[in-house]
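Summary of structural features
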Amino acid sequence: MKPRTRRAVNLLMSWLAAAAAGLVVLPLLLIFGFLLWQGASAVNVDFFTHLPKPVGEVGGGMANAIVGTLILLVLAAVLGLPVGILGGLYLAESRDRRLPWLARFLADVLNGVPSIVIGIFAYTVIVLPMRRFSALAGAFALAVIMLPIVVRTSEELVRLVPASLREAALALGIPQWKVLLRVVLPTARAGIITGVMVAIARVAGETAPLLFTAFGNRFWHQGLDQPIAALPLQIFAYAIAPYDDWHRQAWAGALVLIGLVFVVSFAARLATSGRFTGVR
Amino acid sequence: MAVVAAVPRVEAQATPRNFGDQVLGVVLRSAALVLVLLVLAMVAAMVHASWPAMRAFGWRFLTTSTWDPVAEQFGAIPFVYGTLLSSLLALLIAVPLGIGAAIYLAELAPAWIRPPIAFLVELVAAVPSVIYGLWGIFVLAPLLRVWVQPALGKTLGFLPLFQGPPYGVGMLAAGIILAIMVVPYITAVSREVLLAVPNTQREAALALGATRWETTRIAVLRYGRSGLVGAVLLGLGRALGETMAVTMVIGNRPEVAVSLFAPGYTMASVVANEFAEATSDLYLAALIEIGLLLFVVTVVVNALARLLVWSVGGPVKAVRE
Amino acid sequence: MKTAWITALALLVTSALAQPAAAQTLINGAGATFPYPIYSKWFDEYTKVDPEVRFNYQSIGSGGGIKQVTARTVDFGATDGPMSDDQLKAAPSELLHIPTVMGAVVATYNLPGSPKLKFSGDVLADIFLGKITKWNHPKIAALNAGVSLPDQPIVVVHRSDGSGTTYIFVDYLSKISSEWDKKVGRGTSVNWPVGLGGKGNEGVSGQVKQQPGALGYVELAYAVKNNLPVASVKNAADKFVAPSIASTTAAAAGAAKSMPDDFRVSLTNPPGDEAYPIASFTWLLVYKDQPNELKGRALAKFLWWMSHEGQKYADDLLYAPLPTPVVKQIEAKIKQITYQGKPLLAAR
């Protein structure tokens, strides 16, 4: 190809890539704009501090749902992240014959299971034996949903850590396990955090699995083995009602949910930023 | 501590000689086992729960199109078709856009624009499905009905894909909404994959005189291919299993239709729509069997995707340097 | 190590927040979405009547309510459609149906000018069967003299999710049209011959609002709140009645004389000049013999309050209050709720 053609192709591709990025961002801006336009008016101090009020009464809020979502996310992370990250590490590093293949395969399958089916599973396995809905059941369902995302992302990112890094560490006589934990994982850390954040963002907005597990609560929860309020549940209940005031609160709830994920994401990046941000 | 490890091979997983290695080995293996056992338990529970339907319908479940809860006749074809078509449509839109955007964010964009956009893309994954659904009903569907579908009908109406009355809701709306929901996953993970490609790869290509795009194509994309496939499969999984948003814009009609303008129905939607109200045992079992079927479809599609990529360019494994 | 500290801090804060709040008795209930607004109003008002109790109601659908109360994961259930004999037999002990309020299912549509339309039961059945496909069909024109109906296809919209609203509507159609009864039948989910499915009342009303030429069925409140036109329907007395609170209550008044003891009755197509033909009770499901004395008494007291003082909140929220003869029957029923054989509510 003549140099001019190659330069032209280069320019074209750059524009296409920029256009792609623009098209990706456009619907997001449209949706954010929609939420802001519809719901910004309902985001006030009351929203963060008050419990839900019946229709027609001013001053209702989603304080319990906000706290509930936070609790569910932390619990789900505690349950799901260790298995997820360690699982990903295993898949990337192990020399075993069949287990890695099986685990990877099943992780991909699990990723495609509708969240409501996972909710039904959690209902069968936790709610029925306990004879009650609970935050624990909800967190379990969310952890199961997070699992494949964290596992696969961790695996891919760990694979991409250059072998030269590992070899250098091994050549220094560092035992294998230390190499994995102190060299490989930190190098892949930024990428793994992205995977974790995507997983948390995903489960933060899930409604269906919580319907039969965490159940929802109009009031403050009374323990982790009791029903608990959650933002997606409250948003859903309000969004499908016939009242405009509740609709506005639903949009406001969505805004707050996104804000919540923003804060958590930001904090996580802050906590793990530093020296190891991938080999560039 | 033995310093001389001989000549370390690339796959340097020497036999674990010390306690630390053994402990870590056990821990990692257990994590994987937890995952495997969890999924197997789920499959077992679903098979058990759908047994009454399997016994009542057998293979007919996969070959009939009727879905009649009153007469208790259930067949899965329209749902399988709907799931596959909507997910295919979503990926057709989302993969080029997502990877293109990832390339832009990782390679081409000016430094100041990268963090905000990357962050924005991740945040969108947090928007609850029901909000996507409502946005779809109030913004997307009217847009399609009033502008896009008539235009498509006029220009490409000779194709059976674009025939039929413009309802706004339907397969096209579902595919677009799914694409919007799936794109953040593909973009975010692809971006991380591309960023993780060592600079030495890029430098080598540039040193040979490649343009920026050629560098990306030859050095970066190829090196990160396994990761990119992983990102796409992640997006695919989301598309196959998405319920709320899809069910609000797809029209929910259990029929197989060629046109993208026609309403359809997906497996995940029917489970979400009818599970809470299904009270007869056979009805519940049929719904759970649909869930099981979705498992199977996911497996098959994943396998096919890997096969496709493998046949195009060699085994999907990261190239170590 | 920064990571470790921040994680520890987060866990600490969360576990602190996770401590139980005040120790009132929490009573959980689940079920129908339709009455959610008024139940939430009632439960909120009731905390002023009895601050020791908290009622937590979540709308997961009538079927969900029936399933959960049968599984005893909740203390009471709520349903728009009465439980069948099989479902009652499947419950661990006797369940009572207590009617709370009434709702009307209306036919709503999207036509230019929003004319006031009249429908009869068989015309509606034919439309939903797919036999009448255009707005200017002679059968529709015959009922609506003076209205100019466009030569447009009717876009039928029904519910995609299982729902009590659907049950009420198809119950009515089954009574009027034997063809509907044979071909489609009754259920919370049916095999619709034609039409698009919208999710929830919100989905159907949204769909009808956006789609020119659409015709769907929703609960009255949704049509009113979305400013959608509603059709008058011909009732059993051959009168065209518009859906309203008054005409809904009239439907129950007509049926009160022949009310079965367990309240499991269908109110569609009832006798009475003023009665709107597509109406129904919505019920709360409670166990006759309560497992827990404290919760049982609170429940019984609430049911009493609900059927008396609670009824005054119905109008504002577009629900029809119970007619007085029915309230009397409910009182007798509530007195039958027991704990270990002893009635929970002292004689009132």
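The rules behind each value
- Residues numbered from 1 in each chain as written.
- Chains lettered and ligands numbered in written order.
- Predicted model: local features only at pLDDT ≥ 70, side-chain atom pairs only at ≥ 80, totals over all residues.
- Heavy atoms only, no water.
- Salt bridge = Lys/Arg side-chain N within 4 Å of Asp/Glu carboxyl O.
- Helix = DSSP H or I, 4+ residues; strand = E, 2+ residues; numbered from the N terminus.
- Buried < 20%, exposed > 50% of the residue type's maximum accessible area, 1.4 Å probe, protein only.
- pLDDT = per-residue confidence, 0-100.
- Contact = heavy atoms within 4.5 Å.
- Polar contact = N/O pair within 3.5 Å; in protein donor to acceptor, adjacent residues only side chain to side chain.
- Pairing = 2+ DSSP bridges.
- Lys, Arg positive; Asp, Glu negative; His and termini not counted.
- Buried area = accessible area lost by both parts, 1.4 Å probe.
- Nonpolar A, V, L, I, M, F, W, Y, C, P; charged D, E, K, R; others polar.
- 1 Å grid on protein atoms, 1.4 Å probe; cavity = no way out; pocket = protein on both sides within 12 Å on 5 of 7 lines; lining within 4 Å.
- Points joined across faces, edges and corners; volume = space filled by probe spheres on them.

Looking at the pattern of salt bridges
Under the counting rule described, the total for this entry stands at 32 salt bridges over all chains. Residue Asp181(C) is joined to Arg186(C) by a salt bridge in which the shortest nitrogen-to-oxygen separation is 4.0 Å. One salt bridge connects Lys333(C) with Asp261(C), and the closest N-O pair in it is separated by 3.1 Å. In this pair, Lys333(C) sits in helix α13 (residues 324-334) while Asp261(C) sits in the loop between α11 (245-256) and β11 (279-287), placing the two residues 72 residues apart along the sequence. Of the residues examined, Asp261(C) reaches a relative accessible area of 60% and is grouped as exposed. One network of salt bridges, with partners in common, ties together Arg104(A), Asp108(A), Arg152(A), Glu155(A), Glu156(A) and Arg159(A).

A look at the confidence of the model for chain B
Residues and elements named next belong to chain B. Confidence in the prediction of chain B, expressed as mean pLDDT, is 83, and 91% of residues score 70 or more. At the level of individual helices and strands, chain B shows its lowest average pLDDT in helix α4 (residues 114-124), which scores 79, and its highest in helix α3 (residues 77-108), which scores 91. Scored below 50 in pLDDT, residues 1-10 makes 10 contacts in the model with residues more than four places away or belonging to other chains. Overall, residues 316-321 carries pLDDT values under 50, and its contacts beyond four positions in sequence, including any with other chains, amount to 19 contacts. Prediction confidence for the complex, expressed as pTM and ipTM, is 0.81 and 0.82 respectively.

Notes on the side chain of Arg159(A)
Residues and elements named next belong to chain A. Tracing the backbone shows arginine 159 in helix α6 (residues 135-159). A relative accessible area of 17% means that arginine 159 is categorised as buried. There is a polar contact of 2.9 Å between the side chain of arginine 159 and the side chain of glutamate 155.

Quick notes on the sheet that holds strand β5 (residues 118-119) of chain C
All names here are of chain C. Taken in spatial order, the three strands make up an open sheet running β5-β9-β10, and their pairing is mixed. On the outer flanks of this sheet lie β5 and β10 (240-241), each paired with one strand and no other. Inspection of the sheet shows β5 paired to strand β9 (residues 232-234) by two bridges, in the parallel sense. Within β9, the position partnered with lysine 118 by the bridge is serine 232.

Some points on the side chain of Glu274(B)
Checked against the element boundaries, Glu274(B) lands in helix α11 (residues 267-274). Although Glu274(B) is buried, it makes no salt bridge; Lys199(C) carries the closest opposite charge, 9.8 Å away. Among the polar contacts made by the side chain of Glu274(B), one reaches the side chain of Trp67(B) at a distance of 3.0 Å. The contacts of Glu274(B), once residues within four sequence positions are left out, are Trp67(B), Pro69(B), Tyr265(B), Tyr283(B), Leu287(B), Ser160(C), Gly162(C) and Ser189(C).

Section: the interface of chain B and chain A
Listed as interface residues are 99 residues of chain B and, on the opposing side, 99 residues of chain A. Both faces combined, the contact of chain B with chain A buries some 8800 Å², and carbon together with sulfur accounts for 76% of it. On the surface where chain B and chain A come into contact, there are two salt bridges. For Arg6(A), the salt bridge goes to Glu214(B), with nearest N and O atoms at 2.8 Å. Our count for the chain B to chain A interface comes out at nine residue pairs in polar contact (both at pLDDT 80 or more). At 19 residues, the largest contribution of residues to the side of chain B that touches chain A is made by helix α1 (residues 19-57) of chain B. For the side of chain B that touches chain A, the class distribution of residues is 68 nonpolar, 19 polar and 12 charged.

Section: the environment of Arg212(B)
Here Arg212(B) shows up in helix α8 (residues 212-223). By relative accessible area, Arg212(B) is classed as partly exposed at 37%. Each C-alpha atom, one on Arg212(B) and one on Leu194(B), is 14 Å from the other, the two residues being 18 residues apart in sequence. Other than its neighbours up to four places away in sequence, Arg212(B) contacts Asn10(A), Glu107(B) and Leu108(B). Here the side chain of Arg212(B) touches Glu107(B) through a polar contact of 3.2 Å, landing on its backbone oxygen.

Quick notes on empty space enclosed by the protein
In total, this model carries 14 cavities of 30 Å³ or more according to the counting rule given. In this model, the largest cavity occupies a volume close to 420 Å³. In terms of lining, the largest cavity is formed by 29 residues, of which the most central are Thr33(C), Ile60(C), Gly61(C), Asp161(C) and Lys199(C). Secondary-structure elements contributing two or more residues to the lining of the largest cavity are α9 (208-211) of chain A, α11 of chain B together with α7 (164-176) and α9 (200-210) of chain C. Class assignment of the residues belonging to the lining of the largest cavity gives a composition of 13 nonpolar, 11 polar and five charged.

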